[in-house]
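# Structural overview
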Amino acid sequence: MQGRLSAWLVKHGLVHRSLGFDYQGIETLQIKPEDWHSIAVILYVYGYNYLRSQCAYDVAPGGLLASVYHLTRIEYGIDQPEEVCIKVFAPRGNPRIPSVFWVWKSADFQERESYDMLGIFYDNHPRLKRILMPESWIGWPLRKDYIAPNFYEIQDAH
């Protein structure tokens, strides 16, 4: 089933894939990494002026990585703002997605956390570096194929 935003994107020739609706009725769309930045700018101009959250997850061991954006269209006098969920999938071997920091400044720490935990590189992000783990940390802790080192257990010994 195609939602309102998906129909609008089709009407304007913008490539995407509708993934249906979540349990709250929020439309979910898949955008290719190479199309994401231009579509993000278009969505901002269309009225999605608030990035509510950005997160990422590992789809399956050895599989794709996903970056998820929850956008909201906030307008004066509207009680129920329009929302959309955008998913951008990247290959595990070279997970690169354009940063939307320059569209929504709130993407700053959220994209950094996704980089830190899953190793997704956000191209053109001004400060893409680890935010939770030490700079010397090796690997991406939230990947399903990550093997946790056992050296940190010694720190808790009494």
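Here is what the cut-offs are and how they apply
- Residues numbered from 1 in each chain as written.
- Predicted model: local features only at pLDDT ≥ 70, side-chain atom pairs only at ≥ 80, totals over all residues.
- Heavy atoms only, no water.
- Salt bridge = Lys/Arg side-chain N within 4 Å of Asp/Glu carboxyl O.
- Helix = DSSP H or I, 4+ residues; strand = E, 2+ residues; numbered from the N terminus.
- 1 Å grid on protein atoms, 1.4 Å probe; cavity = no way out; pocket = protein on both sides within 12 Å on 5 of 7 lines; lining within 4 Å.
- Points joined across faces, edges and corners; volume = space filled by probe spheres on them.
- Nonpolar A, V, L, I, M, F, W, Y, C, P; charged D, E, K, R; others polar.
- UniProt positions renumbered as here; feature names shortened; annotations may be inferred.
- Pairing = 2+ DSSP bridges.
- Contact = heavy atoms within 4.5 Å.
- Axes fitted to C-alpha atoms, helices over the stretch in contact; angles between N-to-C directions.
- Phe/Tyr/Trp six-rings, centres within 6.5 Å; stacked < 30°, edge-to-face > 60°.
- Buried < 20%, exposed > 50% of the residue type's maximum accessible area, 1.4 Å probe, protein only.
- Lys NZ or Arg CZ within 6 Å of the ring centre and 35° of its normal.

A separate point is the pattern of salt bridges. For the coordinates displayed, the defined rule picks out nine salt bridges. Between Arg 127 and Asp 108 there is a salt bridge, and its shortest N-O distance comes to 2.8 Å. Of this pair, Arg 127 sits in the segment after strand E7 (121-123) while Asp 108 is found in helix H3 (residues 107-118), placing the two residues 19 residues apart along the sequence. Through salt bridges with shared partners, one network takes in Arg 4, Arg 73, Glu 75 and Glu 82.

One number sums up the size of the largest pocket: a volume of about 160 Å³. When its residues are assigned to classes, the lining of the largest pocket shows three nonpolar, four polar and four charged.

With that out of the way, let us pick up the UniProt feature "domain: NADH:ubiquinone oxidoreductase 30kDa subunit" (unreviewed entry) in the chain. UniProt records the feature "domain: NADH:ubiquinone oxidoreductase 30kDa subunit" (unreviewed entry) for residues 30-148 in the present numbering. Helix makes up 22% of residues 30-148 and strand 29%, with an end-to-end C-alpha separation of 31 Å.

Another point: the pairing of strand E2 (residues 27-30). Strand direction decides the pairing type here: strand E1 (residues 17-21) and E2, joined by three bridges, are antiparallel. Looking across to E2, one finds that Arg 17 is bridged to Gln 30. Once E1 ends, the chain turns through five residues before running back antiparallel as E2, passing Gly 25 with a positive phi of about 85°. Direction of pairing for E2 relative to strand E5 (residues 82-90): parallel, over a ladder of four bridges. Looking across to E5, one finds that Gln 30 is bridged to Lys 87.

To continue, consider the environment of Ala 56. Mapped onto the elements, Ala 56 comes out in strand E3 (residues 50-58). Along the backbone, Ala 56 and Leu 71 are 15 residues apart, and their C-alpha atoms lie at a distance of 15 Å. Discounting residues that sit within four places of it in the chain, Ala 56 has contacts with Ala 66, Ser 67, Ser 114, Leu 118, Ile 120 and Tyr 122.

This brings us to unusual backbone geometry. If a residue is not glycine, its phi is most likely negative; likewise, a peptide bond is most likely trans. Phi is positive for Asn 124, which is not a glycine, with a value near 70°. Along the polypeptide, Asn 124 turns up in the segment after E7.

Turning to the sheet that holds strand E4 (residues 65-73), a few remarks are in order. One open sheet accounts for five strands, arranged E1-E2-E5-E4-E3; its pairing is mixed. Both edges of this open sheet fall to E1 and E3, since each of them pairs with a single strand only. Recorded for the sheet is a direction-independent mean angle of 20° between the axes of neighbouring strands. Pairing of E3 with E4 involves eight bridges; the strand directions are antiparallel. If you follow Asp 58 over to E4, its bridge partner there is Leu 65. Along the sheet, helix H1 (residues 4-11) contacts E1, E2, E4 and E5; its crossing angle with E2, the most-contacted strand, is approximately 40°.

Okay, the packing of aromatic side chains next. Counted according to the given criterion, the structure contains nine aromatic pairs. Measuring from ring centre to ring centre gives 6.5 Å for Trp 36 and Trp 104, while their planes differ by 25°; the resulting arrangement is stacked. Taken as a pair, Trp 36 in helix H2 (residues 33-46) and Trp 104 in the loop between strand E6 (96-98) and H3 lie far apart in primary sequence, 68 residues in all. You can call Trp 36 buried: its relative accessible area is 0%. Seen in terms of ring centroids, Tyr 46 and Tyr 48 are 6.1 Å apart; in terms of plane orientation they differ by 25°. Their pairing is stacked. Comparing Tyr 46 with Tyr 48 shows no difference in burial state: the two are buried. One aromatic cluster is present, formed by Trp 36, Tyr 44, Tyr 69 and Trp 104 through successive ring pairs. Against the face of Tyr 46 rests Arg 73, its NZ or CZ located 4.3 Å from the ring centre. A cation sits over an aromatic face here: Lys 105 above Phe 101, 4.9 Å from the ring centre.

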